[in-house]
Structure formats: structure tokens, C-alpha cells
Amino acid sequence: PTRILAASYATSANVKKITVIGSGLMGAGIVQVAAQSGYHVNMVDLKEEFLAKGEKIITSSLKRVAKKKHGDDAAASKKFIDEVMSRISLSTDSNKAASESDLVVEAIVENIKTKQALFKALDEAAPKDAIFASNTSSLPIADIAAATNRKDKFAGLHFFNPVPQMKLVEIIRIPETSDEVFNTLSDVTKKMGKVPVACKDTPGFIVNRLLVPYMMESLRLVERGDASMQDVDTGMKLGAGYPMGPFELMDYVGLDTIKFITDGWYKSGKGLVGDKLVAPSPLLEKLVKEGHLGRKSGKGFYTYEGVGADKGK
Ligand code: 3HC
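Let us look at the structure shown here. Everything quoted here is computed from the prediction, not taken from an experiment.

### Thoughts on the packing of helix H12 (residues 255-268) against helix H13 (residues 282-289)
Interaxial distance between H12 and H13 falls to 9 Å at its minimum, and their mutual angle equals 130 degrees. For the element pair H12 / H13, the angle class is oblique. The handedness of the crossing between H12 and H13 comes out as left-handed. In this structure, H12 uses Leu255, Asp256, Ile258, Lys259 and Asp263 to contact H13, whose residues at the interface are Leu284, Glu285, Leu287 and Val288. In terms of residue class, the contact of H12 with H13 is made up of five nonpolar, no polar and four charged.

Take a look at the structure:
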């Protein structure tokens, strides 16, 4: 037992500095929860303006967290926010950031070639013991890891939107992922206040494998004229206890994202090729073609006040 305890202490203590590549909604959220938990984090993106956007996502979310923690105590809130922000460094140089990190989490565009090129470069720049993880929700982890020479130190680390609020993290093991790396990632996510679950490298892992076909079925229901989208949303909220109905959730996640995920699985998802569960939906296709992508564009199934609006219907 002594040896096991010592090993487990060693793994969680190994990760001190984290680099997150990508400062969009997911990347910024991961940076925030890591910094909130005491880690020093590099937030990396291609341009300063993207980093500024990511910083804004973090500060506005931290304000919500601070309000819950400290109520109207403005001084305590400011101290909390300043302390978290002081642990975050910004960079446009992914190789340099990775060179001083124990864990690199990638949350960039869902493009296999772009991810592979990034990890290939990082593999040379990062310390040889550093762990690499991808937050991809739709691409096989094995295909991304193939660009590196550290498959034993590679895994999926899949967070959920909004990252500061959603407690789950899926840890995706490829056959090569070592037990030590899996345990370290599990410890790190727990330290971030999250609950890790494990899943093999299969399309959608656990949550999206169930959630995405559910969203697609809600589209088919409306396309057939069986029920209105408002009634489907009300039904799932009040009849199944979901915090959002499927149409609200699709607007929240982004209609382009849903289309991208299902198109990918329909064409090449292991066990899902040609499956009617993930076949294209004319209603979704039409909205995406018109540029109505959900909350982020101000309109999806519902309309929202102001582009990128957080609230409204
Ligand atoms: N930062 C910090 N806290 C936040 C936050 C943010 N960005 N967004 C919401 N919160 C907190 C609020 O402070 C509040 O906290 P409290 O309950 O402790 O006071 C709580 O979340 C609820 O927020 P609101 O009262 O403002 O709003 P709602 O009650 O409507 O909840 C919601 C908003 C949390 C988004 C809720 O509707 C929800 O859970 N929706 C479902 C989200 C979901 O299913 N996400 C998964 C999507 S799939 C995915 O991400 C995978 C990807 O790969 C596609």
C-alpha cells in the first residue's frame, strides 16, 4: 500500500504547469478552471486578438464565479479574480509554451491535419515526459496521437460547455496510453474540481455518442411535423429534466459544430458510417447554409439579442 500511495502522490505532483492551445470557448474555459485550481497556465493562440477574446471569456466567467463566492464584497471578488488571472500567461508561441509545460491540452479547430501538424511540432518542443491531450469531440484520438512519438503519454481530455460549470471530463485512452498517464490526468481533473470518466476511443465517447443522435432525432421529429420545436424543448425539459431542450442545446453548442460532427461520423465514424441516426438533416443544413449557427451568430433555431449573446430567446 505504501508504494501505491507514493506512486499516486508522484503522478499528481508531476503536473505543475499546463499549456492550453486554443483560446476559444473551450480552451479559455479549460485555462480558467486550471488557473482557478492553482495551476500555472499558458494560454496560446495564433494571434493576440484571439488571446484578448479568450481573456474576456475568462474574466466575464470569473465575475460570475466571484459573485457566487463573495457576493457583494467587491474587494474580495477583485482579489480572487486578480489571483486567478496572475496564474495565466498569454502566448502566440505554442512551442515555447509547451517547452516549459508538464501537460499540454489542445483545443483548436476540429481539423485532423491542423491538429497533427501542431502535435508534431509540440512533440519536438515539449519535455519528453510532458503529457499531451486533445479536447477533440469528433476526431479519433489515435489519429491525432499518430503524429507524435509519445503515444503512451497521449489521451483525450474532453470537457463540456460551459467548462467552468459542467462537472464532467471524459478521459479517452488509446491502447498505448499508460496507466500512469491515465492516473495523472484523472488526478489533475479531480484537482480542477471535475469528475473524470473513462471511455475508449470511439465516436462521441460517452456523452456525445448519446447526445448527438438525440439532437438529430429531435430534428427529424420536427421535420416530420410531429411536434413543434418549442414543444419538443418543453417536453424534454419538463418531462425528462434536461436543463435545456435539444433545440436550445444545439443553439448553445453551435449548429455548425453539430453538422461537422455528424457529417464526419456519417462518412467515417467507426461503426456509424451511413447510419441513419447521424444522417444529414435538411433543417440543420438549411440554417447552417444561411449562416444561422446558434447563439454565437445571434440566430439559430431561436433568435438571441446581440451577436454572441449569452442569454435570450
Ligand atoms: N461560467 C461560470 N459559471 C457559469 C457559466 C460560465 N460561463 N455559465 C453558467 N454558469 C453557472 C451560473 O453561475 C449558475 O451557477 P449556480 O447555479 O451555482 O448559481 C449556473 O451555471 C446556472 O446558470 P444560469 O442560472 O445563468 O443559467 P441556467 O440555469 O439556464 O444554466 C447552463 C445554464 C449551465 C448552460 C444549463 O442550461 C445547462 O446545464 N445546459 C446544458 C449544457 C450542456 O448540456 N452542455 C453540454 C453540451 S455538449 C458539449 O459541450 C460537448 C461538445 O463537445 C459538443
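### So, the site of the ligand
Taken together, 18 residues lie near the ligand, and Ser61, Arg64, Lys68, His158 and Asn161 sit nearest. Take Gln165: an N or O atom from its side chain is 3.1 Å from an oxygen atom of the ligand. At a separation of 3.2 Å, an oxygen atom of the ligand approaches a polar side-chain atom of Asn208. Burial of the ligand by the surrounding chains reaches 68%, relative to a free accessible area of 1000 Å². Residue assignment for the shell around the ligand shows that the elements contributing at least two residues are helix H3 (48-70), helix H9 (207-223) and helix H11 (246-253). For the shell around the ligand, a count of residues per class yields ten nonpolar, six polar and two charged. The residues that make up the shell around the ligand include at least three from each of domain 1 (2-200) and domain 2 (209-297).

Quick notes on the rules
Residues numbered from 1 in each chain as written. Predicted model: local features only at pLDDT ≥ 70, side-chain atom pairs only at ≥ 80, totals over all residues. Heavy atoms only, no water. Axes fitted to C-alpha atoms, helices over the stretch in contact; angles between N-to-C directions. Helix = DSSP H or I, 4+ residues; strand = E, 2+ residues; numbered from the N terminus. Parallel < 35°, antiparallel > 145°, perpendicular 65-115°, else oblique. Left-handed = near helix turned anticlockwise from the far one by under 90°. Contact = heavy atoms within 4.5 Å. Nonpolar A, V, L, I, M, F, W, Y, C, P; charged D, E, K, R; others polar. Near = heavy atom within 4 Å. Polar contact = N/O pair within 3.5 Å; in protein donor to acceptor, adjacent residues only side chain to side chain. Areas by Shrake-Rupley, 256 points an atom, 1.4 Å probe, with all protein chains shown as cover. Domains from an automatic or database assignment.

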